[in-house]
Amino acid sequence: MWEELKYYRQALGINMLWNAYPIVFIVRDGFGIGPQGSTFTILYWAVGLALLMPLNIFRTVFLPNQTLFVCWFSFLVLGWVYWKYYPSPAGSPERLRETLTYIIPVVFLFASMYYPNDKANIVLKVMVFYTLVASIGLLYSLTKDPHWTFGERAAIKFAANTQNSNPHAYANNALCSILSALLVAGRTKNWIFKIFYFLIAIFSVGVLILARTNMSLIGLGVMILIYVTLHGRGMVVSIFKPRVLAIAAVVYGIVAFLLSQFQFASYALGVYFNTFMSRFGSVIYTVTGVEVDQKTASIDHSSVNRVYSFKYVFEVFLGEGSLGTILFGEGYKAQFFDVPAIEALVNQGILGFILFNSFFVVMGFTALQQFFRPANDLSLFLAYFSIIVLIALFSGARPQDLSMWLVYVMFIRFFGVYSTQKAQSTLQPQPA
């Protein structure tokens, strides 16, 4: 029993590191507890590392996905060289912050290598409750926030600036909750726990709609499409099993009862979903010029920035830049595009572009493998979640980004890593 509790403790540490921001924002900015700024986040990560690190560092370590590791670590080394010897014309970034960007992910990877491969499913179980706490904390914090108004995207406003927030952290957290709850439900034989996990997944869909981010909702749609494509026939057959019909009826009854008692919730979900569809139409119009609906034919300003980023790359960097600039880039963090796939090219040249994007090429092939022959449920979870990470290549973050690097470490350590544990052979009597 105590041995299993140790793995649950370490699994909590893993979740605190790769999915820190939803709870950090709630505690730091929602409740105003602890120091402000990145200091609180660093302390939170330190607690996560303390929970993850084993008491005996001389015990067995488990190798990560070596191909993903080589791709990422090569780009990390290249970034460090550029930071030191080829800074941006605007100057180098703040020293301490940048140092932590390189140190924390490496320490996280080192600590996670002590976690056994055959216990990876415990990480998924802990994730269900970790993400649920974050989603409940979000909704509770919004009811206490005097600056939040109905109709806004569900997110905690930063204490330093009550006009800014990060709904993507809560949308991705809800997506993690949906995936982990469904995967754990699939392995649970007790029908009461099965219903509980399905209700968590449905609740998380509601939170995802309230957060109203294009990337997460599109990602969920792609995940459903992949699942139906791979398992559509088996899903149709299983739907008509008496046990499945009974569970579906109970879940439907509970959800219908809750919505009837809290009509505001169903009204809110409807308003937010319609708002999302309107904004999605604006994004399509901005990028392609195609009017999905005349009412939504307006410019989406966040998409405009990314359109200008691509124009800069093809018209200025590749069109007017010298051969040396194209080969070696403009310098460490010289440009910020919010499109890391091309920012790596502009800032760190051809080699930076190849090393950075090779990580995602390997991730994509590994995901295809895991859809058909998953190493475990956690690896299958990462295969579906990789869709969001791949979409983020063209929609957010930077090549050198601490929060994203911690997500990459999660993939490096567990994605496509099969258990090396072998069944112990039965002792046979030896002849005298």
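Looking at an unreviewed UniProt entry, one finds the chain named O-antigen ligase domain-containing protein and attributed to Runella salmonicolor.

Let us now look at the overall build of the chain. Along the chain, the regular secondary structure elements total 16 helices and two strands. In the chain, which comprises 432 residues, the share counted as buried stands at 47%. Across the chain, every contact between residues at least 6 apart in sequence was considered, and the portion connecting residues at least 24 apart equals 74%.

Under the definition given, this model contains five salt bridges. With its nearest N and O atoms 2.9 Å apart, the salt bridge here joins Asp-377 to Arg-187. With Asp-377 in helix 15 (residues 377–392) and Arg-187 in helix 7 (residues 167–187), this pair connects stretches of sequence that are 190 residues apart. Judged by relative accessible area, which is 62%, Arg-187 ranks as exposed.

Time to look at the side chain of Asp-401. The residue Asp-401 is located in the loop between helix 15 and helix 16 (402–414) in this model. For the buried Asp-401, which has no salt bridge, the nearest side chain bearing the opposite charge is Arg-398, at an N-O separation of 6.8 Å. A distance of 3.2 Å separates a polar side-chain atom of Asp-401 from the backbone nitrogen of Met-404.

Here Asn-376 is to be found in the loop between helix 14 (340–372) and helix 15. Looking at Asn-376, the relative accessible area reads 14%, which means it is buried. Among the polar contacts made by the side chain of Asn-376, one reaches the main-chain amide nitrogen of Leu-378 at a distance of 3.1 Å. At 2.8 Å, the side chain of Asn-376 forms a polar contact with the backbone nitrogen of Ser-379.

Attention shifts here to the nonpolar core. One finds Trp-18 and Phe-381 to be the most contacted residues of the largest nonpolar core, which totals 108 residues. For Trp-18, the residues in contact, after removing those within four places along its chain, are Phe-108, Met-127, Cys-176, Phe-381, Phe-385, Leu-406, Val-407 and Met-410. The next biggest cluster of nonpolar side chains, apart from the first, holds eight residues, and it includes Ile-326, Val-339, Leu-345 and Val-346.

With that settled, consider unusual backbone geometry. One non-glycine residue, Arg-212, lies in positive phi territory at about 55 degrees. As for its placement among the helices and strands, Arg-212 is situated in the loop between helix 8 (191–211) and helix 9 (214–239). Despite not being glycine, Asp-338 shows a phi value in the positive range, around 65 degrees. For Asp-338, the position within the fold is in the loop between helix 13 (323–328) and helix 14. The exposure class of Asp-338 is partly exposed, given its relative accessible area of 24%.

Attention now moves to the environment of Asn-166. You can see Asn-166 is positioned in the loop between strand 2 (161–165) and helix 7. Among all residues touching Asn-166, those that are not within four sequence positions of it are Phe-25, Ala-155, Ile-156 and Phe-158. One polar contact links the side chain of Asn-166 to the main-chain amide nitrogen of His-168, over a distance of 3.1 Å. A distance of 3.3 Å separates a polar side-chain atom of Asn-166 from the backbone nitrogen of Ala-169.

Another point: the packing of helix 2 (residues 21–30) against helix 3 (residues 38–52). The N-to-C vectors of helix 2 and helix 3 enclose an angle of 125 degrees; their axes lie 10 Å apart at closest approach. In this view, helix 2 runs oblique relative to helix 3, as classed from their interaxial angle. Considering the relative orientation of helix 2 and helix 3, their crossing is right-handed. Along its contact with helix 2, which presents Tyr-21, Ile-23, Val-24, Val-27 and Arg-28, the element helix 3 presents Ser-38, Phe-40, Thr-41, Tyr-44 and Trp-45. Per-class residue counts for the contact of helix 2 with helix 3 are seven nonpolar, two polar and one charged.

For the rest of this paragraph, the subject is helix 14. Between its first and last C-alpha atoms helix 14 spans 29 Å; for 33 residues at 1.5 Å apiece the expected length is 48 Å, and the helix comes up short by more than 12%. Along its length, helix 14 reaches its greatest deviation from straightness, about 145 degrees, at Gln-348.

Moving on: the packing of helix 7 against helix 8. Viewed as axis vectors pointing N to C, helix 7 and helix 8 meet at an angle of 160 degrees, and their least axial separation amounts to 8 Å. Judged on the interaxial angle alone, helix 8 and helix 7 are roughly antiparallel. Here helix 7 runs over helix 8; the crossing is left-handed. In contact with Pro-167, Ala-171, Ala-174, Leu-175, Ser-177, Ile-178, Ala-181, Leu-182, Val-184, Ala-185 and Gly-186 of helix 7, helix 8 contributes Lys-194, Tyr-197, Phe-198, Ile-200, Ala-201, Ser-204, Val-205, Val-207, Leu-208 and Ala-211. The residue inventory of the contact of helix 7 with helix 8, partitioned by class, reads 17 nonpolar, three polar and one charged.

Moving on: the confidence of the model for the chain. Here the chain shows a mean pLDDT of 84. Residues at 70 or above account for 84%. Predicted confidence for residues 283–300 stays below pLDDT 50, and this span has 28 contacts to residues more than four positions away or in other chains.

By the criterion of burial, helix 2 is predominantly enclosed, with seven of the ten residues buried. Within helix 2 the residues assigned to the buried category are Pro-22, Ile-23, Val-24, Phe-25, Ile-26, Arg-28 and Asp-29. Close packing links the buried residues of helix 2 with helix 3, helix 6 (120–144), strand 1 (157–158) and helix 7. Two residues or fewer after helix 2 comes Gly-32, characterised by a positive phi angle close to 65 degrees.

Counted by the stated rule, this structure contains 27 aromatic pairs. Look at Phe-110 and Tyr-114: their rings are 5.4 Å apart centre to centre, the planes differ by 90 degrees, and that puts the pair in the edge-to-face class. Of the residues examined, Tyr-114 reaches a relative accessible area of 2% and is grouped as buried. Considering the side-chain rings of Phe-359 and Tyr-408, the 5.2 Å spacing of their centres and the 45 degrees angle between planes classify their relative orientation as tilted. Here Phe-359 is found in helix 14, whereas its partner Tyr-408 is found in helix 16, with 49 residues between them in sequence. The exposure class of Phe-359 is buried, given its relative accessible area of 2%. Taking relative accessible area as the criterion, Tyr-408 reaches 3% and is therefore assigned buried. Aromatic ring contacts, followed pair by pair, group Tyr-21, Phe-25, Trp-45, Phe-158 and Tyr-170 into a single cluster. The ring centre of Phe-414 lies 4.7 Å from the NZ or CZ of Arg-413, which sits over that ring.

Reading the values: rules and limits
- Residues numbered from 1 in each chain as written.
- Predicted model: local features only at pLDDT ≥ 70, side-chain atom pairs only at ≥ 80, totals over all residues.
- Heavy atoms only, no water.
- Helix = DSSP H or I, 4+ residues; strand = E, 2+ residues; numbered from the N terminus.
- Buried < 20%, exposed > 50% of the residue type's maximum accessible area, 1.4 Å probe, protein only.
- Contact = heavy atoms within 4.5 Å.
- Salt bridge = Lys/Arg side-chain N within 4 Å of Asp/Glu carboxyl O.
- Lys, Arg positive; Asp, Glu negative; His and termini not counted.
- Polar contact = N/O pair within 3.5 Å; in protein donor to acceptor, adjacent residues only side chain to side chain.
- Core = buried A, V, L, I, M, F, W, Y, C linked by side-chain atoms within 4.5 Å.
- Axes fitted to C-alpha atoms, helices over the stretch in contact; angles between N-to-C directions.
- Parallel < 35°, antiparallel > 145°, perpendicular 65-115°, else oblique.
- Left-handed = near helix turned anticlockwise from the far one by under 90°.
- Nonpolar A, V, L, I, M, F, W, Y, C, P; charged D, E, K, R; others polar.
- Expected span 1.5 Å × (residues − 1).
- Bend = angle between axes of the 7 residues up to and from the residue.
- pLDDT = per-residue confidence, 0-100.
- Phe/Tyr/Trp six-rings, centres within 6.5 Å; stacked < 30°, edge-to-face > 60°.
- Lys NZ or Arg CZ within 6 Å of the ring centre and 35° of its normal.

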